[in-house]
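Coordinate analysis (summary)
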Amino acid sequence: MKEVVIHPERCVGCMQCMVACATAHSKTKNLPAALWERPLPKPRIHLGVGLYREGFPNRCRHCDPAPCMMVCLPGAIYREKTWNTVLIDVEKCINCATCAMACPFGVIRYHQDSLGPPGKAIAVKCDNCVDRQGRDLIPACVEVCKCGALTFEEQGASLKRKTDEMARRVSAGAEERGVSESPGFVLLNVLKKAQVELSGREA
Amino acid sequence: MRHVIVGTGIAGTVAAESIRRLDPDGPITLIGDESFLPYCRPMISMLLEGSILPDRMAIREADDFRSLDIDLVTGERVSRIHTTEKRLETTAGKTIPFDRLLIATGANPLDIKAGRSDLGNIFTMRNRRHVEAMLEVLPDVKSALVIGGGLVGLKAAHALIGRGVNVTLVEKLAHPLPLVTDRKCGGVIARRLEAMGIALKMGMTVTAFEGDGRVREALLEDGSRVSCDLVVVAVGSGPAVPSMEEDRIRVRQGILVDDFLETDAKGIYAAGDVAEAMDVVFGLRKVNGIWPVAAEQGGVAGMNMAGRNVPYRGGMGRNVVRVGDLDMLSGGLVNPPREGPYEVLEEEDRRRKTYRKLVFEGDVLKGLVMLNRVEKGGVLLSLMKRQMPVTLPKERLLDPRFDFSQLLPGMQSAVTC
């Protein structure tokens, strides 16, 4: 089964994934129209700021076993088998925030949602775009990512690619050949770090 | 292997399922004195408030137990556990033998020591029955007195004010939620409660009740009186240790269990609010009477009962409370002693209405309090639960923008390579 894989070293922090996510979870599924919706559609992927202002697209890992699911008081959090996705039943959720204590990644938010019951704040998190996947579309955040920081692939294939990259990097003569998988991103991140350090302030 | 679980709360329920996963054939009996299907105890205040119907509280359906071949016995109390003969007796006169036993009997509400506390309309609030009894008399209630400003008291007060009842809240200590939050945050919560119309009397106790048949008035320590036609006693709870040969099983605050949640008697385990198990923050055994810990312990105890040796990594006290538009999340040691190896970091942002306090011992997080913007509290709690040394500058953890990515060592090396 394909999953969304995050490659943080390639994230430039453009936040397009957030916009695409909010749009995909709006009523109208159309950015200009979604801006007029109330409640305003919100993203379920969150751009975190790293130590040196590098971006990090943080989203639900759909853990198994899922700590949020184990502590959910009303039993609103469940695993959807077809897409192997942890979902929240919007009718059952009581917005108690017990899952906020459980999620080690901090990816659950609490607000009224376009797709939830009107007027009621609920816990909202990534749903792996199951609705889009059902229509043979890939998750919106991956579709919009221009940098390859988010990919949608088999976990095995992704791991193999990473292993191969690592093998090339440590193989004999790699340094002379100047092997770097993403030189542009490394340069960008080095620049960000230098800026932070030169400014003498923390990010 | 014949498994018997006493207590149909979350610990018992999760344990039964956990045993079944590893032992497909062994008979499992889950027995509890409540007559309902396992339900979500923390939600009883919502029943009092009227914001949910009782059917929403069930955490499992009868079919869930049938499909796992778990024999669920409700409405039957265990009167005695014979630890040497490995059998137990119920009040209905049944004798049930076991090879492995889990005691997950939860806790009982503590009673108040005050004159005439036997009057009518004085309730404790621990289970669904208690709330149903309150709901029966609620139509005639105009003013209520809640004794105890802990989580249960706060939820009761909140529910009753929502029902249009005048509420007075009495707490012995100086601020609400004295055990799960600090003075500063407690003060903010107190002001919020008052804004909701709840009359607060902090640092105060009730000495006696008056009335004829039913309670009419409460007498406070300072001599003042509060008229009330309903009293909720929420002064804490204590482990509901069942009757058994106690010389074989050590009981301190709760039933003492080892790293595998097994008691002193081989084959007998304890989990949930009744168990005194390891606490990772304090590094000693302690009762942590909260839902998430009960669920964790139930799962681990179940695996051990089924023969898989799974050590319990230890629990940790943690709570999240919502009072109106205020969110408060806390965990571990929130009020460290002045003397001691602790370092306390605090940051308040009045404009954003946030407050954060972190308690460190060396580089290890030992406690935290967060007011508002609590959604990433789990990141800090998980650092604390693993007792991982924090290698970042500690102040970073105070920043509401603090993010999971800052903990990734990989990110730092990706930047430097």
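Turning to the interface of chain A and chain B, a few remarks are in order. Between chain A and chain B, the contact holds 32 residues from the first and 32 residues from the second. When contributions to the side of chain A that touches chain B are tallied by element, the ones reaching two or more residues are β2 (46-49), β3 (55-58), α3 (67-71), α4 (98-102), β6 (109-111) and α9 (183-199) of chain A. Looking at the side of chain A that touches chain B, its residues break down into 21 nonpolar, 7 polar and 4 charged.

Residues and elements named next belong to chain B. One open sheet holds the 5 strands; their spatial order is β3-β2-β1-β7-β19, and the pairing between them is parallel. Whereas interior strands pair on both sides, the edge strands pair on one side only; in this sheet they are β3 (70-73) and β19 (268-270). Going from strand to strand, the sheet's axes swing by 15° on average, the running direction of each strand aside. Looking at chain direction, strand β2 (residues 28-31) and β3 are connected through 4 bridges and run parallel. Note that in β3 the partner of Ile31 across the bridge is Val73. Lying over the sheet, helix α1 (residues 10-22) contacts β1 (3-6), β2, β3 and β7 (100-103), oriented at roughly 175° with respect to β2.

By the assigned domains, chain B splits into domain 1 (3-108 + 238-305), domain 2 (122-235) and domain 3 (333-403). The C-alpha-based centres of domain 1 of chain B and domain 3 of chain B are spaced at 33 Å.

On to the nonpolar core, then. Cys99 of chain A together with Leu102, Val231 and Ala271 of chain B are the most contacted members of the largest nonpolar core, which has 166 residues in total. Here this core takes 8 residues from helix α7 (residues 291-305) of chain B, the largest share from any one element.

Residues and elements named next belong to chain A. With respect to the element layout, Cys93 can be found in the loop between β5 (85-88) and α4. You can call Cys93 buried: it has 24 C-beta atoms within 10 Å. Separated by 28 residues in the primary sequence, Cys93 and Ala121 place their C-alpha atoms 9.0 Å from one another. Beyond its immediate chain neighbours, meaning those up to four positions away, Cys93 contacts Pro74, Ala76, Ile88, Ile122 and Ala123.

Rules and cut-offs
Residues numbered from 1 in each chain as written. Chains lettered and ligands numbered in written order. Predicted model: local features only at pLDDT ≥ 70, side-chain atom pairs only at ≥ 80, totals over all residues. Contact = placed C-beta atoms within 7 Å. Helix = DSSP H or I, 4+ residues; strand = E, 2+ residues; numbered from the N terminus. Nonpolar A, V, L, I, M, F, W, Y, C, P; charged D, E, K, R; others polar. Pairing = 2+ DSSP bridges. Axes fitted to C-alpha atoms, helices over the stretch in contact; angles between N-to-C directions. Domains from an automatic or database assignment. Core = buried A, V, L, I, M, F, W, Y, C linked by C-beta atoms within 7 Å. Buried ≥ 20, exposed ≤ 12 C-beta atoms within 10 Å, placed from the backbone.

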